[in-house]
Amino acid sequence: AKSALLVITGASRGLGRSIATAFHRHYAAAAAAAAAASTADGNTRVQRIRTVLLARSMEGLQETKRLIEKQQQELNSRNTQSVVSLHSIDLSDLSNLEKNLDEILNGLTDEEEEDASNSNKFDQMILINSAGSLGKIGPCWNLRSLSEMQQVMDFNITSSLWVSIRFLRFAMQQQQTQAQTTLVNISSLIAVQAFPSMGLYSAGKAARDMFHACMSQELGGEGTGGNHHSDNNNIKILNYAPGPLETDMVEQIRSAPQLDPTLKPHYQKKLVDPDDSAQVLVSLLLPTTYDKKNQFASGSHVDYYDLI
């Protein structure tokens, strides 16, 4: 893509941070290849990457941006114009979520309108909807606080779904550019398989998967039996299960006193490096060569282990 928009929630640590750096690594390599081609044909090709990182922790976001910039220097990506904006936003704060997201996305629209040359039009738009929380671990019947349960579900379901809805609406407003748009919901094996003592987290992931599958069918996704909105067939939706990751969240699971005994051996072993899973995702979304492994049906649930 000559001009790409990348929006990532939960970008201050863990998988979100790994995905941010993996995308920029890919774009730098693509720019280097384009530079070599431009030397041959005399045309200079410059990629423009607009990255929007969202999370609660500004300190964590700043570290993610530092890693992106360090990587760009190391890769000497002179043919990439990169703008990274950081937004410290509490996605669990539903009372301000709509306003906060509108400000961020409307800001991107304003940037486009200010550029009379239309060079700010995006050829590619990607949302990585990664933010989420674990919630209480233990038997479902042992949940004691309705307000705590609602808070977790509001964050993992209501907030997450609204992020996808708002991004999709933004993408559809940009359709005159025919931008290739991909919306990725970060899912989990737990969305399709019951894990005892992790009912809240499982329910949230399952709800997100089904909502995004429905959204894909409404857009005329593959295997729908009909194309409800054929104008939007350049929009694809993916539920990506990144594998069991070695992150802060896993440390919470390991130390949870009420974790079901049948799950303990699973979490004691060495798990997947977030950088590896992020690279697999980027290779799926932006393949450099055609491979059946790089194809996915819009609305489908794809697991890390399906791709390695």
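Before reading on, note that the structure itself is shown above.
Our subject in this report is the structure included herewith. If you're wondering where the values come from, they're calculated on a predicted model, not measured in any experiment.

**A few points about the overall build of the protein**
Right, on to step 1. Assigned secondary structure in the protein consists of nine helices and seven strands.
Right, on to step 2. Counting only residues that meet the buried cut, the protein has 50% of its 308 residues in that class.
Right, on to step 3. In the protein, the share of contacts with a sequence separation of at least 24, taken over all contacts with a separation of at least 6, comes to 79%.
Right, on to step 4. Only carbon and sulfur atoms are counted for the fraction: they give 50% of the accessible area of the protein, which is about 14800 Å².

**Side note on the pattern of salt bridges**
Right, on to step 1. One pass over the structure, following the stated rule, counts seven salt bridges.
Right, on to step 2. Here Arg166 ties to Asp102 by a salt bridge, and the two come within 2.5 Å at their closest N and O atoms. Of this pair, Arg166 sits in helix α4 (residues 146–173) while Asp102 sits in helix α3 (residues 94–114), and the two are 64 residues apart along the sequence.
Right, on to step 3. By relative accessible area, Arg166 is classed as buried at 7%.

**Observations concerning the nonpolar core**
Right, on to step 1. Of all hydrophobic cores here, the largest spans 35 residues; its most connected members are Ile19, Phe23, Ile128, Leu238, Tyr240, Leu281 and Leu285.
Right, on to step 2. Dropping the residues within four chain positions of it, Leu281 is found in contact with Ile19, Ile128, Val184, Ile186, Leu238 and Tyr240.
Right, on to step 3. Counting residues in hydrophobic clusters, the runner-up holds 27 residues, among them Leu97, Met125, Leu219 and Ile235.

So, how was this worked out
- Residues numbered from 1 in each chain as written.
- Predicted model: local features only at pLDDT ≥ 70, side-chain atom pairs only at ≥ 80, totals over all residues.
- Heavy atoms only, no water.
- Helix = DSSP H or I, 4+ residues; strand = E, 2+ residues; numbered from the N terminus.
- Buried < 20%, exposed > 50% of the residue type's maximum accessible area, 1.4 Å probe, protein only.
- Contact = heavy atoms within 4.5 Å.
- Areas by Shrake-Rupley, 256 points an atom, 1.4 Å probe, with all protein chains shown as cover.
- Salt bridge = Lys/Arg side-chain N within 4 Å of Asp/Glu carboxyl O.
- Core = buried A, V, L, I, M, F, W, Y, C linked by side-chain atoms within 4.5 Å.

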